[in-house]
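# Descriptive structure summary
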Amino acid sequence: MKLSAIAQYIGAKEVNSLESEINWLLTDSRSLSFPAESLFFAIKTNRNNGHNYISELYGQNLRYFVISEFRPEFEKMTDAVFLKVDNTLESLQLLAAKHRSSYDIPVIGITGSNGKTVVKEWLYQLLHTDYRIARSPRSYNSQIGVPLSVWTIDKNTQLGIFEAGISESNEMAKLQSIIQPTIGIFTNIGDAHQENFNGLKQKCDEKLKLFIGAKVLIYCSDNKLVDIAIAQSDFKGKLFTWGKSTKASLQVLKTEKNTNCTKTTFKYEGKTSQLCIPYTDDASVENALQCLSTLLYLGYKIEEIAKRILLLESVAMRLEVKDGVRNCLIINDSYNSDMNSLSIALDFLNQQATAKNLSKTLILSDILQSGQSSKELYTSVAELLKTKNIQRIIGIGTEIATHSQCFELLKKDFFNSTEDFLKSEAAREFKNEIILLKGSRKYHFEDISGKLELITHETILEVNLNALIENLNYFRSKLRPETKIMCMVKAFAYGSGSVEVARTLQHHHCDYLAVAVADEGAELRREGIRIPIVVMNPEKGGFGMIFDNNLEPEIYSFRLLESFILAVEKLGLINYPIHIKIDSGMHRLGFEAQDMDRLIKLLRNQNQVKVRSVFSHLSGADEAKFDNFTREQVNRFTTCANQISSVFSHTIMRHILNSAGIERFPEFQFDMVRLGIGHYGISSLKEVHLKQVCALKTIILQIKNVKAGETVGYGRKGIITTDKRIAVIPIGYADGFDRKLGNGVGEVLINGKRAKVVGNVCMDLIMIDVTDIDANEGDVAEIFGDNLTITEVADKLKTIPYEVLTSVSKRVKRVYFQE
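Okay, so let's go over this structure. Computed from a predicted model, the values in this text were never measured in an experiment.

### Re the overall build of the protein
- When helices and strands are counted, the protein shows 26 helices and 39 strands.
- Computed over its C-alpha atoms, the radius of gyration of the protein comes to 29 Å, within 12% of the 28 Å expected for a compact globule of 819 residues.
- In the protein, of all internal contacts separated by at least 6 residues, the share reaching a separation of at least 24 is 65%.
- Total accessible area on the protein stands at roughly 35300 Å², and carbon and sulfur atoms take up 47% of it.
- On the protein, the mean spot of the 99 positive side-chain charges and the mean spot of the 98 negative ones are 1 Å from each other.

Take a look at the structure:
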């Protein structure tokens, strides 16, 4: 679309007019791929301001910006085009709505509490051979994600499939004007994002606004709340219902679950038919029935639908990072393969790229149904890889191989099939590389993943990087825009893995990191972490490491301060940054009020160190009974900080709030706050439910039938009084599963049901009672996670979540993923 047309659509006031063709809309400064064809919308939120990144983008040759404030530094960008509007987010949405209106094509709009992404992706699997489809990348269903998704519609698009998600009232009408669905699918209604609604009915009514103007609405009429809400709405289109009711358009007569599939018998237009859904869990069966109903509405024959549904493949909802052979890292994203999802995956690859001299490699299959000529497509792919600094490409498929000449500057290999690649020397040559697998489903890249992944212990700690950032942003929302955040990554980032967590926090503009000892900070520097790092417990023997890695020490005593000044002086350095710790009442480490005169005198009479910040620790910010003492601590700290600041001309930051303090005492945020356990889903407020970042999981190794009168485990502590089915899982106290959880105290979750620990906890194994659970060898066991929380485990141990998290041993493999 021409830039002049965009300006007209959004009612922009042009500054430095210039004509250009815009193909890419950008809201995240880190995702720039094609500067010459991109338009950046500088969106303001409660947590960030896109205008802060315009100078950075200008330096990367981007010249087109939609802004709501014109800053003095923009005057120097004489060749840039600034389209000034009142609200950049509303302008993005307006542009996407105009773009959508220019295409007269069927569009499927999907909403509901769960299943949106799976239904969207399954519909794509079922329909992509018949239509050129534009669809939401991953879970792009927000106020920003939806317009970016709809923008991908072009002249070749024959069908759109977009999902819409909301978290509060008055959001869906905006998404409806952008998607303008002709076919609506309402998946279900549940408690997700319930906190901003008065009840399920209000949320249901809000979601139904997506379907205003749709020709048909597909939903399960067994959900009475949804059924009633639709009946009470002003929806004027056709209703296509499915469910057990005889009045349903598609009546489900029977579902029979077998080992690997669910045989479903249904009646449609008076005819009884059967098909097999290749899944047995209730959610997948429900999602498949939504797809069946949609294809029936579109006029597909039942026999053809049955064939296609049998081929449905599971949807990978996340990008996973796993250790690979020969010091490689593997990112598996065989979720879909198109230019938008490729760009997103490459951004994630760059985010994960380390400073260990790991080169960046892409294994890419043919991109199917792109709507472009093959030459145009692979020329664009080559340009994208150049922009993202990819060093090597392995292309798999006849189309990409035919256009290998497009990839001029890369180390490259091409193969007609996955099988050919796996037989080649290239499949055995990987070393010191970070490898992104990006393939269409027909190429079976899971075979490549299996070849490259390092086989390890079955017990893993999953770390959800999206949840980490969602929690970070929750705490950011409590702060003023100018307040800085220091993120605690000490103790192996509370057990979750300091390097990956630090890299993610750096990527999302955390201001400072904090570690316990210099070794931890040095490791982060080796892995490419550039932002300031504070060492909370510096030791004299670690001063050299602090200097070598540009770390900033906490100084809490005269002995430590004098030793550090002497060490700085010996190196001939001046103004080395330090952070002064005040003991305001916790009585652990720190200078006390009576030390201020001596401390100030010592600091003023030297130039080796310079105070970057003054801070203190709250001892009871999470408990209301200590609120008066918390305020007293703040008063003591403020008095000391004022004394120090008053004698220096430079600005000295102040910080005292921890995670609980941010939630309960935001008025004391000063210049910076320190976020620790809050990252990982622990809130001090009962009404707040943060995302669980870590999930400890393993599998069932073996199941035994144990007769009454027998015993289980060491010391014969597990006494069996009635016949039992006992499962053995590979986790023990060497992995961090506390021995106190033995003998019926602890539980794990198997297929949604709780199984108690039987007998003593062993070093590497525990035994659990699965007598009343439909459990099989190989099933996943959740030790803690979304359903059995860290807090609950901590309560059983009469300890705190910190201890549970940090107890997970390093032999447990960490698997990082981004949804």
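Structure shown, so let's carry the discussion forward.
### Section: the side chain of Glu-462
- For Glu-462, the location among the structural elements is in strand β21 (residues 460-464).
- Among the polar contacts made by the side chain of Glu-462, one reaches the side chain of Lys-697 at a distance of 3.2 Å.

### Examining the packing of helix α1 (residues 3-10) against helix α3 (residues 88-101)
- Direction vectors running N to C along α1 and α3 enclose 110 degrees, while the axes themselves pass 9 Å from each other. When the interaxial angle is binned, α1 and α3 end up roughly perpendicular. You can see that α1 and α3 cross each other, and the crossing is right-handed. Here Ile-6, Tyr-9 and Ile-10 of α1 come into contact with α3, specifically with Ser-91, Leu-94, Leu-95 and Lys-98.

### Points about the sheet that holds strand β25 (residues 552-555)
- Judged by pairing direction, the sheet is parallel, and its eight strands sit side by side in the order β28-β27-β26-β25-β24-β23-β22-β29 without closing on themselves. Among the strands making up the open sheet, the edge pair consists of β28 (653-655) and β29 (672-675). In this sheet, neighbouring strand axes are inclined to one another by 30 degrees on average, regardless of whether the strands run parallel or antiparallel.

### Things to note about the environment of Pro-35
- Within the fold, Pro-35 resides in the loop between β2 (24-26) and β3 (38-41).
- Exposure remark for Pro-35: the relative accessible area of 18% places this residue in the buried category.
- Between the alpha carbons of Pro-35 and Asn-61 there is a distance of 5.9 Å; along the sequence they are 26 residues apart.
- Apart from residues no more than four positions distant in its own chain, Pro-35 is found in contact with Gln-60, Asn-61 and Leu-62.

### So, the sheet that holds strand β6 (residues 107-111)
- Pairing is mixed in the open sheet, where nine strands are placed in the order β7-β8-β6-β9-β10-β11-β12-β13-β14. Lying at the two open borders of the sheet, with one neighbouring strand each, are β7 (133-135) and β14 (271-277). Each strand of the sheet is rotated relative to its neighbour by a mean of 20 degrees, with strand direction disregarded.
- Here seven bridges tie strand β12 (residues 250-257) to strand β13 (residues 262-268), and the two strands are oriented antiparallel to one another. Among the inter-strand pairings, Glu-256 is bridged to a residue of β13, identified as Lys-263.
- Each of β6, β9 (183-186), β10 (216-220), β11 (238-243), β12, β13 and β14 is contacted by helix α9 (residues 282-297), which is oriented at about 145 degrees to β11, the strand it contacts most.

### A short note on the layout of surface pockets
- In this structure, the second largest pocket occupies an estimated 890 Å³ of space.
- Together, 32 residues line the second largest pocket, and Asp-622, Asn-658, Ile-677, Ile-800 and Tyr-802 are the ones closest to its centre.
- For the lining of the second largest pocket, the elements supplying multiple residues, two or more each, are α17 (490-494), α24 (659-664), β29, α25 (790-797) and α26 (801-806).
- A breakdown of the residues in the lining of the second largest pocket according to their chemical character gives 14 nonpolar, eleven polar and seven charged.

### Description of the pairing of strand β23 (residues 512-515)
- Burial of the side chains of β23 extends over both faces: Tyr-512 and Ala-514 are buried on one face and Leu-513 and Val-515 on the other.
- Pairing of strand β22 (residues 484-488) with β23, which is carried by three bridges, proceeds in the parallel orientation. Bridged to Met-486 within β23 is Tyr-512.
- The parallel pair β23 and strand β24 (residues 533-535) is bridged by helix α19 (residues 518-526), and the resulting crossover is right-handed.

### Digging into empty space enclosed by the protein
- As enumerated under the stated definition, the model contains two cavities of 30 Å³ or more in all.
- Its volume calculated, the largest cavity comes out at about 50 Å³.
- Residue composition of the lining of the largest cavity, grouped by class: five nonpolar, one polar and two charged.
- Approximately 40 Å³ is the volume found for the second largest cavity.
- Residue lining of the second largest cavity: Lys-581, Ile-582, Asp-583, Ser-584, Gly-585, Met-586, His-587, Arg-588, Leu-589, Ser-616 and His-617, and that is the complete set.
- In the lining of the second largest cavity, the residues fall into three nonpolar, five polar and three charged.

### Quick word on the packing of aromatic side chains
- By the definition in use, this model includes 22 aromatic pairs.
- Pairing Phe-407 with Phe-414 gives two aromatic rings, centres 5.8 Å apart and planes at 40 degrees, and the pair type is tilted. Comparing Phe-407 with Phe-414 shows no difference in burial state: the two are buried.
- Every member of this aromatic cluster is reached through a ring pair, and the members are Phe-40, Phe-65, Phe-70, Phe-74 and Phe-82.
- Its end group placed over the ring of Phe-492, Lys-810 keeps NZ or CZ at 4.4 Å from the ring centre.

What counts, and at which threshold
Residues numbered from 1 in each chain as written. Predicted model: local features only at pLDDT ≥ 70, side-chain atom pairs only at ≥ 80, totals over all residues. Heavy atoms only, no water. Helix = DSSP H or I, 4+ residues; strand = E, 2+ residues; numbered from the N terminus. Rg over C-alpha atoms; globule rule 2.2 N^0.38 Å. Contact = heavy atoms within 4.5 Å. Areas by Shrake-Rupley, 256 points an atom, 1.4 Å probe, with all protein chains shown as cover. Lys, Arg positive; Asp, Glu negative; His and termini not counted. Charge placed at Lys NZ, Arg CZ, Asp CG, Glu CD. Polar contact = N/O pair within 3.5 Å; in protein donor to acceptor, adjacent residues only side chain to side chain. Axes fitted to C-alpha atoms, helices over the stretch in contact; angles between N-to-C directions. Parallel < 35°, antiparallel > 145°, perpendicular 65-115°, else oblique. Left-handed = near helix turned anticlockwise from the far one by under 90°. Pairing = 2+ DSSP bridges. Buried < 20%, exposed > 50% of the residue type's maximum accessible area, 1.4 Å probe, protein only. 1 Å grid on protein atoms, 1.4 Å probe; cavity = no way out; pocket = protein on both sides within 12 Å on 5 of 7 lines; lining within 4 Å. Points joined across faces, edges and corners; volume = space filled by probe spheres on them. Nonpolar A, V, L, I, M, F, W, Y, C, P; charged D, E, K, R; others polar. Right-handed = clockwise from strand over helix to strand, strands pointing away. Phe/Tyr/Trp six-rings, centres within 6.5 Å; stacked < 30°, edge-to-face > 60°. Lys NZ or Arg CZ within 6 Å of the ring centre and 35° of its normal.

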